[in-house]
Amino acid sequence: LDEAFENINFILRIDGKHYEALRDKAYIYFMKNDFVNAKKYIDEISKLKDNDFFAYNIKGLIYFKNSNFYEAKNYFEQAIKINSKYIDSYNNLGVCLLELEKLDEAFIIFKKAQEIDTNNPKTLINLGNILSLQDNILEAIKIYNKALAIDPNNQEILSNIAIGYCRENKEKEAKIYY
């Protein structure tokens, strides 16, 4: 990240309004949990490009990380209105709805995300998580296995499958995934 940050700063010294550099700098700050600077650069992007879905998505993530789920939800919904094909906004909105304990709404959002990309592991994990919360364990395991076929080294998927089998009292199967 440090080298990328240096490159971005170089670009911004040449062109202080370079959209991609500002976007990337905001995202790096977000990844470093520096939400003040992330928001600062997102605000710069918003001045350059009105109705930018990426800016709304990052603002939603900042509010989400600060446990302001209702505000985050509004930003994710706005991002989706601007770009209905950006799957991360759907996944973020769905997780936000889970935090607000709106399982049915979250499930609908994750199904919409799955329509955009049937092989997105994050979406499949989220769908499996909802099914698991609804005690539909065997169906959740099926979804997790589909995600595992796409991303075979994903520890979250492996763990979720093992936990599912444990909940179904199938310890022998669970051990395969631990």
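Residues numbered from 1 in each chain as written. Predicted model: local features only at pLDDT ≥ 70, side-chain atom pairs only at ≥ 80, totals over all residues. Heavy atoms only, no water.

Draft legend 1. Representation of the overall build of the chain. Check the secondary structure of the chain and you find 11 helices and 0 strands. Mapped from its N terminus to its C terminus, the chain presents α and β elements in the order α-α-α-α-α-α-α-α-α-α-α. Buried positions account for 43% of the 178 residues belonging to the chain. The long-range share in the chain, meaning contacts at least 24 apart out of those at least 6 apart in sequence, stands at 41%. Carbon and sulfur atoms form 48% of the exposed surface of the chain, whose accessible area is close to 10,000 Å². (Helix = DSSP H or I, 4+ residues; strand = E, 2+ residues; numbered from the N terminus. Buried < 20%, exposed > 50% of the residue type's maximum accessible area, 1.4 Å probe, protein only. Contact = heavy atoms within 4.5 Å. Areas by Shrake-Rupley, 256 points an atom, 1.4 Å probe, with all protein chains shown as cover.)

Draft legend 2. Structural context of the packing of aromatic side chains. Under the defined criterion, the tally for this structure stands at 10 aromatic pairs. Here the aromatic rings of Tyr56 and Tyr75 are separated by 5.9 Å at their centres, their planes lie at 35°, and the arrangement is tilted. Separated by 19 residues along the polypeptide, Tyr56 in helix H4 (residues 53-65) and Tyr75 in helix H5 (residues 69-82) bring together distant segments of the chain. Between the aromatic rings of Tyr165 and Tyr177, the centroid separation amounts to 5.9 Å while the plane-to-plane angle is 25°, which identifies the pairing as stacked. Of the two residues, Tyr165 is situated in helix H10 (residues 155-167) and Tyr177 in helix H11 (residues 171-177); the sequence distance between them amounts to 12 residues. For Tyr165, a relative accessible area of 14% corresponds to the buried category. Grouped by ring-pair contacts, the aromatic residues Tyr27, Phe30, Phe35 and Phe54 constitute a single cluster. Seen from the ring of Phe5, Lys32 lies directly overhead, with NZ or CZ sitting 4.9 Å from the centre. Against the face of Tyr19 rests Lys49, its NZ or CZ located 4.5 Å from the ring centre. (Phe/Tyr/Trp six-rings, centres within 6.5 Å; stacked < 30°, edge-to-face > 60°. Lys NZ or Arg CZ within 6 Å of the ring centre and 35° of its normal.)

Draft legend 3. Looking closely at a nonpolar patch on the surface. On the surface, Leu1, Tyr27 and Met31 cluster together into a nonpolar patch covering about 320 Å² of accessible area. Here Leu1 lies in the segment before helix H1 (2-14). Note on Leu1: relative accessible area 60%, which makes it exposed. (Patch = residues over 30% accessible without salt bridge, like charges linked within 9 Å, V, L, I, M, F, W, Y side chains within 5 Å. Salt bridge = Lys/Arg side-chain N within 4 Å of Asp/Glu carboxyl O.)

Draft legend 4. Summary view of helix H6 (residues 87-99). If you check H6, its first and last C-alpha atoms are 19 Å apart, about what 13 residues at 1.5 Å a residue would give, namely 18 Å. In terms of residue burial, H6 counts as a mostly covered element, since 10 of its 13 residues are buried. Within the span of H6, buried status applies to Ile87, Ser89, Tyr90, Asn91, Asn92, Leu93, Gly94, Cys96, Leu97 and Leu98. Buried positions along H6 lie against H4, H5, helix H7 (103-116) and helix H8 (121-133). Following H6 by one or two positions, Glu101 has its phi on the positive side, about 60°. (Expected span 1.5 Å × (residues − 1).)

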